[in-house]
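# Inside the fold
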Amino acid sequence: MRSTSVLLSAICLFALFCGCRKDDRHPVSQKGLRGKVIYSSCATTAVQVLNKNIGSGWTNCHDQQTYQHMIDVMITNLDTWPIQGEFTFDIVETEPYGRCAMADCGPSQSFTIAIIKD
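Residues numbered from 1 in each chain as written. Predicted model: local features only at pLDDT ≥ 70, side-chain atom pairs only at ≥ 80, totals over all residues. Heavy atoms only, no water.

## A word on the overall build of the protein chain
Along the protein chain, the regular secondary structure elements total 1 helix and 6 strands. Counting across all 118 residues of the protein chain, residues that qualify as buried make up 30%. Excluding contacts between residues fewer than 6 apart, the proportion of contacts in the protein chain whose partners are at least 24 apart in sequence is 63%. When the accessible surface of the protein chain is summed, it comes to about 7,900 Å², and 55% of that surface belongs to carbon and sulfur atoms. (Helix = DSSP H or I, 4+ residues; strand = E, 2+ residues; numbered from the N terminus. Buried < 20%, exposed > 50% of the residue type's maximum accessible area, 1.4 Å probe, protein only. Contact = heavy atoms within 4.5 Å. Areas by Shrake-Rupley, 256 points an atom, 1.4 Å probe, with all protein chains shown as cover.)

## Side note on the packing of aromatic side chains
Taken as a whole, this structure holds 3 aromatic pairs when the rule is applied. Seen from their ring centres, Tyr-39 and Trp-58 are 6.4 Å apart, and the 40° between their planes marks the pair as tilted. On the criterion of sequence distance, the pair formed by Tyr-39 in strand E1 (residues 28-40) and Trp-58 in strand E3 (residues 56-59) is long-range, its members being 19 residues apart. Across this residue pair, the class does not change: Tyr-39 and Trp-58 are buried. Aromatic side chains Phe-87 and Phe-89 sit 5.6 Å apart centroid to centroid with 45° between the ring planes, which places their arrangement in the tilted category. Note on accessibility: Phe-87 and Phe-89 belong to one class, buried. An aromatic cluster of at least three residues, connected via ring pairs, comprises Tyr-39, Trp-58 and Tyr-67. (Phe/Tyr/Trp six-rings, centres within 6.5 Å; stacked < 30°, edge-to-face > 60°.)

## Notes on unusual backbone geometry
Not every positive phi belongs to a glycine, and Gln-64 is a case in point at roughly 65°. Look at His-69: it is not a glycine, yet its phi comes out positive at around 60°. You can see His-69 is positioned in strand E4 (residues 66-75). Note on His-69: relative accessible area 27%, which makes it partly exposed.

## Focus on the confidence of the model for the protein chain
With 64% of its residues at a pLDDT of 70 or more, the protein chain has an overall mean of 77. The element-level mean pLDDT for the protein chain is lowest in helix H1 (residues 2-18), coming to 50, with E3 highest at 95. Note that pLDDT drops below 50 for residues 12-24; the model gives that stretch 1 contact with residues more than four away or on any other chain. (pLDDT = per-residue confidence, 0-100.)

## As for the pairing of E1
The pairing of E1 with strand E5 (residues 87-92) spans 5 bridges and is classified as antiparallel. From the neighbouring strand, Gly-35 faces E5, where its bridge partner is Phe-87. When E1 meets strand E2 (residues 45-49), the two strands line up antiparallel, connected through 5 bridges. Counted as the bridge partner of Lys-36 is Gln-48 from E2. The antiparallel pairing of E1 with E2 creates a hairpin that spans 4 residues between the two strands. (Pairing = 2+ DSSP bridges.)

Rendered as structure tokens:
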């Protein structure tokens, strides 16, 4: 009888700690956007939005290339997935964050984004 109660207690603890949780720390304002990183530095991560008319025209001051639908982003979950090629992301509510003090020529519109694993 004792082993049954221990087993039931262990199952309850497992279910409690491993249950589905919704991450409400970053409410989403735009979902399912596709993009690719055009330029990245300490101060700027310039992303071209590929599937929606968000952002503005931008000329990279380093190579003089001009792009449309560009945004400067702060990525909330970069440590969980490396960016390679095109990716899906959501624009989430802005939260305070530190930026590099170095000046750079990033796009004029800035957003906080969360990358969605494909």
